[in-house]
Every structure is written in C-alpha cells, then in structure tokens.
Amino acid sequence: MSKVRVYQIAKDLGVSSKELINKLAEFGVQVANHMSTLEDEEVDIIMEMYNGDNNNSKNSNSKIENSVKEQEKSTEGNYQKENMEKQPVQNTIEQKTIKIEGAITVKDFADLLGKSVSEIMTKLIALGVFATINQEIDFDAASMVASDYGIEIEKEEEKEEVEVGLEQAEDRPEDLKERPPVITVMGHVDHGKTSLLDAIRKTHVTAKEAGGITQHIGASEVEVRGKKIVFLDTPGHEAFTSMRARGASVTDIAILVVAADDGVMPQTIEALSHAKAANVPIIVAMNKIDKPGINPDRVRQELADHGLLVEEWGGETINVPVSAHTGEGLDSLLEMILLVAEMQELKANPNRLASGTVIEAKLDKGRGPVATILVQNGTLKVGDPIVAGSAYGRVRAMVSDKGKNIKKAGPSTAVEILGLSDAPEAGDLFNAVKEDKIARQIGEKRKAKFREENLHATAKVTLEDLFKQIQEGSVKDLNIIVKADVQGSVEAVRQSMVKLSNEEVKVKVIHGGVGTITESDILLASASNAIIIGFNVRPSSAVSSLAERENVDLRTYRIIYEAIADVEAAMKGMLEPEYKEVVLGKVEIRATFKVPGIGTIGGAYVMEGKVSRNAKVRLIRDGIVIHEGSISSLKRFKDDAKEVNTGYECGIGLENYNDIKEGDIVEPYTIEEVKRG
Ligand SMILES: Nc1nc2c(ncn2[C@@H]2O[C@H](COP(=O)(O)OP(=O)(O)OP(=O)(O)O)[C@@H](O)[C@H]2O)c(=O)[nH]1
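Computed from a prediction, not measured in an experiment: that's the story for all the values here.

## Description of the overall build of the protein chain
Summing up its helical and strand segments, the protein chain has 21 helices and 37 strands in all. Residues classed as buried in the protein chain amount to 48% of the 677 residues present. Put simply, 71% of the contacts in the protein chain that link residues at least 6 apart link residues at least 24 apart. Surface accessibility of the protein chain: about 34,100 Å² in total, with carbon and sulfur atoms responsible for 49%.

Now the structure itself:
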C-alpha cells in the first residue's frame, strides 16, 4: 500500500538519502536511489533502525507514518486519475507512471502533469531549481516534482536520435544543379596567403559589385567568366582542421601557397598533411615569383620530396606560379580552380530547405548573435526558421560579403545571418526547418544532450591539484572550456592547449566559444570536470559565485602565453600556489593573569571581527609587531572556545610566549590559498 519514497523518509528523519540508503544496506535492504519506493516491511525496518537511535528518532516514527499517510492520500485522490486521462504519453503501471525522455521544458512538463506553469515553477523553486518557462529541467527535478503529485516518472528507453523536423532525404539526381567551389588557402606563415586572397578579391570583384563595401564576413565570392568561386577568409590549416574535427567539411579545394623564394617549410608540410587527410584536392600556388633569384624547380623538388608531384614532372598536382604583388598568374590560378571544380562535379539541390555549416559566429553589441554560414545545399530565405548547432531562431536578415542585404542564398553562398538565439560555434551544422517550434525543439534538445553527455563527472579538477591527480591516475583527460572575445583567440588557445597533451594526460578543449563566461559554461564545466579559461572576458559576479559553489576552476587571462604556461606548469606539478593573508579581527588585551603551570593568559576583548582557536596571531605593541605565533588556548569563561566574535570577552594564551601586556593588540589571521587568474 505505502509507496513512500526514500527521499521523503530521509527528509522526515532529517538525514540524507544517501545515509539512509547506506543504513538500509547494513540491514540487508538494497534500494537503488533516492527515488526508490519502499515496501511496508522496509518502512518498518527504518522505524526500528531509528528507534534504536535516540538522537535521530525524536518523533521519527510518527513523521514516517505521516509521510506514508500523505503519500497514500495523494495516490488515492482523484487528482491523478483526472490528469492521467489528459496525458498524451504512454501510461503504464496502474496509470501512476509517465515516461519522459530525460530533460523536459517547464512548459511541456506542466502540460504533461496538467498543472499550471507557475505551480510547477513554485515547486521547482522550493527544490532550488530556477528555470524559466522554456528552460529544461532534468529528469531528477521532474521526478521530485511529479512525486509531489503521486506520479512516478520513468525515463523513456533511449531511442536512436532522430531529430524530427530535419529534412534529411537524399536528393534525386535530376534535382541536382552545379554549384560553385569553396576554397581554403593554406601554407606556411608569411608565404602570402592573405596577400593572395586580397589580390584575388581586388582584381576579381565584378564591376557592378565594385561600388559595394566589401565586408569581412568570413568568406568572399569572386566571379570568373560568369562563374562563382567562394573563398573562406580565414587562411590556414588549423581553422580548416578544427572545422573538420567538428564534422564539418566545407572545403572543395585547398590552395597550398608556397613562396618561391622560401620553398617548402614546416607549416607547408603540415598544411599538406591536413589537406591530404581530408581528401581534398590541392592546387599549389607558387607565390612571390616577382622576386629576383628564385628557383621554382627547387620548390618542385621539395614538394616531390613530400609526396606531391607536380604536372610538369609527370604528377597530378596542378601548380601555378603567381605573384600577389603584381597580379601575375592570378587568372590562371582561378581558371585552374574552375577546372578542378568541374572535374569534381560539385552539385547541390537549390530547391529544398537550406543546410550547411557555420563558418564564424560572434556576439555583436548592437545586433546580437551574428553568424556567417555557408549554404551547402538548398536555398536559405529571410524568414526561414533555422537551427544551427544548439542555437535556433528565424533568419531576420542576410548580408552578403559585399555588404548587401539579400533575401535568399543558394548553394555555395556565404552569408551573415541575424536572428539566432545565441552564437553557434564555427563548424556547427545548420538546417532551415519548416516551423519555429521545430527549430526551438531541436536546439533545446541538443543543448540538453550536450549537457547530459558531459554529466559523467568524477572529482572536480583544478590546476592546483592536477599533477597529484595525474599521478594518482585519476585524471586522464584534462578538459578545458575556452571563452574569448574573438573566435581567433578561441582557436589559438584551443590549438595550443591540445598540443600540451602528453603520455599521461590528454588535453581536450570540450567547448570553445565567443563571449563572456556564462552560467551554462560553469554548469558544463562542473558536469564534465573541466576548467574554464577566459581570455579577455570576465564573468559577472553571479557567474563567479556559481563557479565557487560548483567548485569550478575558472581562470581569466589577458595573454595567451600565460594561460598556456599555467596549464603546462600544472601538468608538470610546478604550479606554485598563491597565498594571501586574511586578517580575521582585532583583539585587545585588557588584563593579564599568571596561571601556574601554563603561563600568562590575557584577559581580552574582541574589538573587530573574530578570533579562532586555530588562527595564527601576531602580537602588536604600540604599532610594532613584537611576536608572531599560534594560540595555545582560547576560552570563554571556563570553557574552551573554537571562536570568539566581536563584542565578547575571552581568555587567550599564546604558544611559547608569556610576555603579554595590558594594551597589547592580538591580530589573528589565516593564510588562504588564492585562486589564480
Ligand atoms: N614580393 C612579393 N611579396 C609578397 C607577395 N605576396 C606576399 N608578399 C609579402 O610577404 C609577406 C607576407 O604576406 P602575407 O600575405 O601576410 O602572408 P601570410 O601567409 O598571409 O602570412 P600569415 O597570415 O602571417 O601566415 C608580406 O610582407 C607581403 O607583402 C608576392 O607575390 N611578392
């Protein structure tokens, strides 16, 4: 009959659920968790257990009986029956159990229970859960609230994740149309990647567009013989690979820039490997051919040494000598890009809902979240509901790379869009969907899933004790969350951190994003045992205190190098902790007594703050520190005191020191470790 739960009895007894579960286990009763229901016999056992324990058992029997009775009342009432009839969900076990998939929004949950949102919110607040109408609450919180209504919540079996509302059907071949190629420019530092992109942009923007203000949106388009080519504006293989690591493949062709005067250099090789790993065709742009005394054949030889055989030498790699300065060879380079693109037969279906990848995103002061996206299939229109990663919204406006407002964007078009709920991450995939509601549901679900995936945390990690944890083998992955003011810094910190990985510990950036450190970052860090590195961003005081409560190591830096140096030092166990002194109070000696066998005791008065038994003290006479040491005894009247507060008298003795005089000031203090950053 009873169906009372562990946590309810625990609450009545004033003990924690865990304690109760452990105690039950001692009596041979195994219960799974705080939500488990207890049989009558088990309740009897608890009554007996706590009966034998006088301190805990005050009224506990009658309380438990109350708990049981109330539970019975609520399960017998009409309430539940009424509500269950409204439920659109599966009802099992005597109509008292409902199933949810896991996290659920407050609104959906209220609907499910047939209660008002405000009533549910009030119950949640009582549990210390502050959630708005559209925010999700987790399974445990939902269970607690439901149990108040006598309803048991079960987790629905995890289904293969199908995001309802996402158009995922394959295109029919007859619907496919040719689309422009998307290019990434890679190469060694200073070989002229940026100059080359600039030169192409300057010389190949069509006359009618020339008047438009070119704006940096992360990608730009040029036109050659009426055909479009899209260049991603961030040169370098790191950006390319970090997108790829997130499952995004946007690049159709990689341009490997090699300066003819410098040849193949370390990052040329890196870039080459990255492009190869991604199976992207490579065109070599041999740059700076305007320079005197260059030797293109030497460069070709070096390329061959690294497995890239150019056409002239019987290989397949196209190489075009160019000069970003004089413009020589740029036309040929673009022609070659079109040729390679043709061979690839790049196609997409313009007549469907758009999908593609986020190239960049930021929080703009005036405009809110702004994302540059590359439409890879379909056509995106202003007004389309959209979900990008876990951000969602409706496309309010679209701006082209020429700074023009446009109404629609077809395949291989990069546009800046406004209207998302928050800034997605570079590499996130986006989809236009039919309805706003679908976008929101998918976005919220992804957020919850991301949180849940990171829930299996163990002990919290801090840089201070990282080395110890590594040695104990309890840390194998150092998870880091990076927040910065611009995406470039996020990427820079991300790349540098990951490189710190060694045999013992793998450094992983589990989340990186633009913008200030938010509560959701703290929760993610707490759930996934990560530390947070903020770069040129500061958390609000509410976020800082949440970090403190959640025990999350949050550090802010202004110089990337310092962040890297700290993590590196921590991994090697060489991070010096920082300490600071905290003065606890001020105590005046108003009389002295000699106690035989003990020494001199000061009759004292706490003027400010407090004095605690284990504090360190300094003795000040006429403004001069004449002794530093520890307290040997602290008493209130005859009793030992742990702590004496402002306005109270006490007796105080100092260790190995008897020269206490009337009028002396005792200043108690502690040394505390400071969180760095
Ligand atoms: N003579 C000559 N100099 C060039 C040419 N292209 C670039 N440079 C010079 O080479 C230097 C580096 O060019 P960037 O375009 O900044 O090179 P980058 O590869 O983008 O460099 P990072 O962005 O730092 O990796 C600059 O001083 C350019 O003026 C060229 O075709 N001829």
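## Thoughts on the site of the ligand
As a structural note, the neighbourhood of the ligand is formed by 15 residues, with Lys-193, Thr-194, Ser-195, Asp-290 and Ala-324 the closest of them. Lys-288 is positioned such that a nitrogen or oxygen atom in its side chain is 3.0 Å from an oxygen atom of the ligand. The separation between an oxygen atom of the ligand and a polar side-chain atom of His-325 is 3.0 Å. Protein contact buries 71% of the 650 Å² of open area that the ligand shows by itself. Here the element with the most residues in the shell around the ligand is helix α10 (residues 193–203); it accounts for three residues. Across the shell around the ligand, the residue classes break down as two nonpolar, eight polar and five charged.

## Regarding helix α18 (residues 487–499)
Structural remark: α-helix, 3.6 residues per turn; residues separated by three or four positions point the same way. Taking 1.5 Å per residue as the helical rise, α18 with its 13 residues ought to reach 18 Å, and the 18 Å between its terminal C-alpha atoms agrees with that figure. Within the span of α18, buried status applies to Gln-487, Ser-489, Val-490, Glu-491, Val-493, Arg-494 and Met-497.

## Concerning the sheet that holds strand β13 (residues 282–287)
Taken in spatial order, the six strands make up an open sheet running β10-β11-β9-β12-β13-β14, and their pairing is mixed. Single-partner strands in this sheet number two, and they are β10 (219–224) and β14 (318–321). For this sheet the average axis-to-axis angle between neighbouring strands, irrespective of direction, equals 30 degrees. By the bridge criterion, six bridges tie strand β12 (residues 253–259) to β13 in an arrangement that is parallel. Pairing of Ile-255 across the sheet is with Ile-283, part of β13. Running over the sheet, α10 touches β9 (182–187), β10, β11 (227–232), β12 and β13 and is turned about 145 degrees from β9. In the packing of helix α15 (residues 330–344) onto the sheet, contacts are made with β9, β10, β11, β12, β13 and β14, and the angle to β11 comes to roughly 100 degrees.

## Let's talk about a nonpolar patch on the surface
Taken together, the side chains of Phe-593, Val-595 and Ile-598 define a hydrophobic patch exposed on the protein surface, amounting to about 290 Å² of accessible area. Considering the arrangement of structural elements, one finds Val-595 in strand β30 (residues 585–595).

## Considering the nonpolar core
Leu-196, Ile-229, Phe-231, Ile-255, Ile-283, Leu-333 and Ile-337 are the most contacted members of the largest nonpolar core, which totals 27 residues. Where this core is concerned, the elements lending two or more residues are β9, α10, β10, β11, β12, β13, β14 and α15. The element that contributes the greatest number of residues to this core is α15, accounting for seven residues.

Each value, and the rule that gives it
For every chain, the first residue of the written sequence is number 1, and numbering continues from 1 along that sequence. At least 70 in pLDDT is required for a residue's local features to be given in this predicted model, at least 80 for side-chain atom pairs to be given and counted, and no such filter applies to totals for whole chains, interfaces and linings, which use all residues. Each side-chain value is derived from all of the structure's non-hydrogen atoms; neither hydrogens nor water enter the calculation. Counting from the N terminus, the helices are DSSP H or I runs at least four residues long and the strands are E runs at least two residues long. The classification of residues rests on relative accessible area computed with a 1.4 Å probe and restricted to protein chains. Under 20% of the type maximum is buried, over 50% is exposed, and intermediate values are partly exposed. Throughout, a contact is declared for two residues whenever any of their heavy atoms are within 4.5 Å. Using a 1.4 Å probe, the Shrake-Rupley method yields the accessible areas, and only the shown protein chains count as cover for residues. Whether a residue is near a molecule or strand depends on its heavy atoms: if one lies within 4 Å, it is near. Polar contacts, as counted here, are pairs of nitrogen or oxygen atoms within 3.5 Å of one another; within protein the pair requires one atom able to donate a hydrogen and one able to accept it, and residues that are adjacent in sequence qualify only if both atoms are side-chain atoms. Under the grouping applied here, Gly and all other residues not named as nonpolar or charged are polar, the nonpolar ones being Ala, Val, Leu, Ile, Met, Phe, Trp, Tyr, Cys and Pro and the charged ones Asp, Glu, Lys and Arg. Multiply 1.5 Å by the residue count of a helix minus one, and that product is the helix's expected span. One requirement defines pairing of two strands: DSSP has to find at least two bridges between them. Geometry is summarised by axes, namely lines fitted to C-alpha atoms with helices restricted to the contacting stretch, and by angles between N-to-C directions that run from 0 to 180 degrees. Patches draw on residues past 30% relative accessible area with no salt bridge. Two like charges within 9 Å are joined, as are two nonpolar side chains (Val, Leu, Ile, Met, Phe, Trp, Tyr) within 5 Å. A pairing counts as a salt bridge when a side-chain nitrogen of Lys or Arg comes within 4 Å of a carboxyl oxygen of Asp or Glu. Joining through side-chain atoms within 4.5 Å is the link that ties buried Ala, Val, Leu, Ile, Met, Phe, Trp, Tyr and Cys residues into a set, and such a set is a nonpolar core.

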